[in-house]
Structures are given as C-alpha cells and as structure tokens.
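# Coordinate analysis (summary)
The residues making up each chain are set out below.
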Amino acid sequence: MNFNGQLKCHHCPECNGQACSNMLPGLGGVMDGCNFQANYKAWKELYEENENQISQISITPDVIRCGPVTGAQENIGFENEKDFYLPYLRNTKEAGFGLCVGDGTPDEKLQYGVEAVRDLNTKAAFFLKPYPQEILHKRIEFVKPYACAVGVDIDSYNIATMRNLVHLEKKTAEQLEDLRKKAGLPFVIKGVFTPADIQLVRELKPDVVYISNHGGRVETRKGSTAMFLKENAKELKKYCKQIWVDGGLRTKQDLQTAIYYGADQVILARPFIKATFDDQFKNVTDSLLK
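Note that the coordinates shown come from a computational prediction; the quantities given were computed from them, not determined experimentally.

Reading guide: rules and limits
- Residues numbered from 1 in each chain as written.
- Predicted model: local features only at pLDDT ≥ 70, side-chain atom pairs only at ≥ 80, totals over all residues.
- Heavy atoms only, no water.
- Helix = DSSP H or I, 4+ residues; strand = E, 2+ residues; numbered from the N terminus.
- Rg over C-alpha atoms; globule rule 2.2 N^0.38 Å.
- Buried < 20%, exposed > 50% of the residue type's maximum accessible area, 1.4 Å probe, protein only.
- Contact = heavy atoms within 4.5 Å.
- Areas by Shrake-Rupley, 256 points an atom, 1.4 Å probe, with all protein chains shown as cover.
- Lys, Arg positive; Asp, Glu negative; His and termini not counted.
- Charge placed at Lys NZ, Arg CZ, Asp CG, Glu CD.
- Pairing = 2+ DSSP bridges.
- Axes fitted to C-alpha atoms, helices over the stretch in contact; angles between N-to-C directions.
- Salt bridge = Lys/Arg side-chain N within 4 Å of Asp/Glu carboxyl O.
- Right-handed = clockwise from strand over helix to strand, strands pointing away.
- Phe/Tyr/Trp six-rings, centres within 6.5 Å; stacked < 30°, edge-to-face > 60°.
- Lys NZ or Arg CZ within 6 Å of the ring centre and 35° of its normal.
- Parallel < 35°, antiparallel > 145°, perpendicular 65-115°, else oblique.
- Left-handed = near helix turned anticlockwise from the far one by under 90°.
- Nonpolar A, V, L, I, M, F, W, Y, C, P; charged D, E, K, R; others polar.

A word on the overall build of the protein. For the protein, the count of helices and strands is twelve helices and eight strands. Here the C-alpha atoms of the protein give a radius of gyration of 17 Å, agreeing with the 19 Å that 2.2 N^0.38 yields for 290 residues. For the C-alpha atoms alone, the extent of the protein along its principal axes is close to 50 × 45 × 35 Å. In the protein, which comprises 290 residues, the share counted as buried stands at 57%. Sequence separation of 24 or more characterises 69% of the internal contacts of the protein that already satisfy a separation of 6 or more. About 12200 Å² of surface is accessible on the protein, with carbon and sulfur atoms providing 47% of the total. Charged side chains in the protein number 37 positive and 37 negative. The centres of these two groups are separated by 3 Å.

Shown next as structure tokens:
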C-alpha cells in the first residue's frame, strides 16, 4: 500500500526519541524529547529488574490497542489527511487489536475516524479533546453509535500543536462526571501522569485510567509512563476497573513489563503509524506476539 507524502520520521534503528527531539510538527517530543526518551528507556530498565518473571507473561492481541492518532498531514507526513485513518484502523482490526480514535482540529479529523470505524463495521474507544462542555456533548452524540468507550484527553490542553488554535480546558471531576453521564458508556480519562491527576481519579472513579504523557508531546512534569505505572498502579486500581498505558512501548518485552506492573491494555502509536505508512504492519505485529 503506497501513500503520497513523506513520513516525518528518521527511521532510526531504535525509536527512542533522540533524533527527533523537539520535532513538532512531526513525531518527536517536546522539552528536548526528554519524556519521549524516558518512556522508551524505562520499560527496558524495569524489564531487567524482574526479567525471569516478566518474560513468562503471555501477550495476546486482546491486550493491545492502537493509539488515538490524528494530524496525519501535519505530524505524520501524509499528503492527504483522510488517507491515514482507514488503513491505520483496518490494520489494527485485522491484527485482532483494539481500536482507539482521536479528536482534533479541524473537525474533519474526528469525522474521518468515525467514517473509518463505520466502514470497518466495528467499534472503537473515542478520545475527545477537552473542549467546552457544550461542544463535547455534541461530539459524544456524534461518536456514540460507533463507540465501545468514550474518553477525554485531560492533559491535551497542553499540546503544542493545538495551542492557540482552539479553546481547550482543564476539566474538573464534576465536568468529567457530566460527560460520563452523557456518554452512557465505559468512560476513560486519558493523560493521567501527575499527583493532581491521581486525585482526579479518586474523585471521579472512571471505568478506565489511561496513563499517558502523549508520547512526550505535552509539557508536563519530567518522567516516564512506565515508572508512573509501577509507582501508582496499586493505588489507581482502587478507583477504576482497568488501567491502560502508552509511551515508548516498542517490543514484546515492553508489553510484558507493562502487564506485569499493572496495565490491562497497552497502547502503541508511533510503531503502528510507521508500519502503516511503510506497509510493514504484519512484521510489527509478529514481533509483538511471537
């Protein structure tokens, strides 16, 4: 499968965030790539701490999801935004993985995601940016027929590529509870990565806590999602049914490490983005499962 455009990626032997530091728009990370790099490195370090036990964990397709990705032109390099969504989600579905769909500006990005899920006759977890409540109510109604879960990117008001383009808000527990009632579906808060986020989880008690620093693409505290999972999974599990995590996951060993430390689902974005663009999805899938 060939796409017009040029992938905004250096195709490094190790996708560790060093060569694409501050490469936004693009697939890099902010703050000199420090959290992108920390995410990648920490899974390896945690695996080595308990390799004998972690290596015995079985990885099956049902614990894997693709990341909720938009910005195919701006950040990935597709010539046409719409070209990305159906191949990316079709590859994910055919591999037996769960689907996530993202939100963005302009609104056509969410529309393309919905159309792809509809065309695949499946459902996905939809993640909406923290717009004002009235806008989110409309977006929830729009995605509900195609959704198995609805979530809010609680930290994405910090995304550099959307700053000053649209009005995004830092959401309170009360606002999120309003959105959960509107959705009437399993509710996810994505972007849990700080002590304040843990307090929000305690107040809201969402169905799913999604640990993420957007692959190092938001300005937040320095650190890795792997260490945050290790240090906080036990506490978070008191207030939710599942924990999902992303950030720097590249190998089967990374996935095993995430499951060992408390994750129920692991989400990959950059590896699946590149594999879709380069038509290498089966090879990447095989490396995660075998």
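After that view, the rundown keeps rolling.
Next up on the list: the sheet that holds strand β7 (residues 242–245). If you trace the eight strands from one edge of the open sheet to the other, you get β1-β8-β7-β6-β5-β4-β3-β2, paired in parallel fashion. Both edges of this open sheet fall to β1 (64–66) and β2 (100–101), since each of them pairs with a single strand only. Note: strand β3 (residues 124–128) against strand β4 (residues 147–153), five bridges, orientation parallel. Pairing of A125 across the sheet is with A149, part of β4. Strands in contact with helix α5 (residues 108–119) are β2 and β3; relative to β3, the strand with the most contacts, it is inclined by about 175°.

A separate point is the environment of L86. Locating L86 in the fold gives a position in helix α4 (residues 85–94). Overall, L86 belongs to the partly exposed group, its relative accessible area being 26%. The sequence separation of L86 and L120 amounts to 34 residues, and the corresponding C-alpha distance is 8.1 Å.

Glycine aside, the phi torsion of most residues is negative, and most peptide linkages are trans. Following L24, the chain continues to P25 via a peptide bond in cis, the omega torsion being 0°. Structurally, the position occupied by P25 is in the segment before α1 (34–49). In this model, T105 is joined to P106 through a cis peptide bond whose omega is 0°. With a phi angle near 55°, H11 is a residue other than glycine that sits in the positive phi range. Along the chain, H11 falls in the segment before α1. Notably, N121 is not glycine yet its phi reads approximately 55°, a positive angle. Summarising the element assignment, N121 is placed in the loop between α5 and β3.

This part covers the pattern of salt bridges. Evaluated as defined, the whole model comprises 18 salt bridges. A salt bridge links E45 to K41; its shortest N-O distance comes to 3.8 Å. On the criterion of helical spacing, the pair formed by E45 and K41 is a turn pair, its members being four residues apart in helix α1. When its relative accessible area of 51% is taken as the criterion, K41 is described as exposed.

Time to look at the environment of I198. Within the secondary structure, I198 is located in helix α8 (residues 195–204). According to the relative accessible area criterion, I198 is buried, its value standing at 8%. For the pair I198 and C34, spaced 164 residues apart in the sequence, the C-alpha separation amounts to 22 Å. For I198, the residues in contact, after removing those within four places along its chain, are F228, N232, E235 and L236.

On to the pairing of β4, then. Among the seven residues that make up β4, six are buried, leaving the element largely enclosed by the rest of the structure. Handedness of the crossover joining β3 and β4 through helix α6 (residues 133–143) is recorded here as right-handed. Here β4 runs beside strand β5 (residues 187–192); their pairing, made up of four bridges, is parallel. Residue pairing for β5: V150 is matched across the bridge by F187.

Now for the packing of aromatic side chains. What the rule picks out here adds up to twelve aromatic pairs. Aromatic rings pair up to connect F78, F84, Y85, Y88, Y112 and F277 into one cluster. One cation-aromatic arrangement involves R139 over Y131; the distance from NZ or CZ to the ring centre is 4.3 Å. R270 extends its terminal NZ or CZ atom over the ring of F36, reaching a point 3.7 Å from the ring centre.

The subject of this paragraph is the packing of α4 against helix α11 (residues 270–277). Packed helices, taken two at a time, are described by the angle their axes make and the gap between the axes. Put simply, α4 and α11 touch, their axes get as near as 10 Å, and they point 110° apart. In terms of their interaxial angle, α4 and α11 are classed as roughly perpendicular. For the pair α4 and α11, the crossing hand works out as right-handed. Listed contacts from α11 to P87, Y88 and N91 of α4 are F272, I273 and T276. Across the contact of α4 with α11, the residue classes break down as four nonpolar, two polar and no charged.

Read these as geometric descriptors, not functional statements.
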